[in-house]
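Here are the chains, one letter per residue:
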Amino acid sequence: QQTVTVVAPPYILAQPVSQVARAGQNATFTVTATNECGSGRAYQWRWNGGEITGATDSVYSTTNVQCVDAGSFDVVVTNAVGSVTSAPAILTVVGELVITDIQWEPANLLCLCGTGGCAGGTYCVLASTNVTDPMANWVPLATNEFRADGSFCLTNAVDANQPPQFFRLRAP
């Protein structure tokens, strides 16, 4: 009587999922992998292509995320006969936006500046004539990038003959 052992390379059943986290929150990525017959899988999570020390489980969690933690996370799953790399999951980190300055400029221009964004991240300026409108009814005016220091400024022309407008920033 002979025993035949079949070993297959691993494959991924469920990819890690991209997510958005506010600065200070936690982020968790999960992968589900298998091989046809048996166990013996090893995991190595990576961030922006570099291995994360100690991240060798099917679940990777990072706590108190900050803007510098944003990026691409993937995992390499290995067994005795091969390996497979997951699709990347993107972590987007959103800072706490704070308006620090509002100015009325000549020629009916409203200038609004603030801080708290993540450098290189984007924000969308929304407007409405009704501050109680659901967010889905607010009209996007522009999408801009935060400056290197996380600050932002926007300028909007105001028409005195039109109803007053309210503004919101959405990031991302």
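Quick note: structure is the one above.
Residues numbered from 1 in each chain as written. Predicted model: local features only at pLDDT ≥ 70, side-chain atom pairs only at ≥ 80, totals over all residues. Heavy atoms only, no water.

Among the structural elements, Ala157 can be located in strand β15 (residues 152-157). Taking the C-alpha atoms as reference, Ala157 lies 8.0 Å from Ala107; in sequence the two are 50 residues apart. Excluding residues that lie within four positions of it along the chain, Ala157 makes contacts with Asn108 and Leu109. (Helix = DSSP H or I, 4+ residues; strand = E, 2+ residues; numbered from the N terminus. Contact = heavy atoms within 4.5 Å.)

Moving on to the sheet that holds strand β11 (residues 98-105). Strands belonging to one sheet form pairs held by backbone hydrogen bonds; the direction of such a pair is parallel or antiparallel. Overall, antiparallel pairing links the 3 strands, which are arranged β11-β12-β15 in an open sheet. The two strands at the open ends of the sheet, each matched to only one other strand, are β11 and β15. On average, adjacent strands in this sheet sit at an angle of 15° to one another, irrespective of strand direction. Pairing of strand β12 (residues 109-115) with β15 involves 6 bridges; the strand directions are antiparallel. Its bridge partner lying in β15, Cys113 is registered against Cys153. (Pairing = 2+ DSSP bridges. Axes fitted to C-alpha atoms, helices over the stretch in contact; angles between N-to-C directions.)

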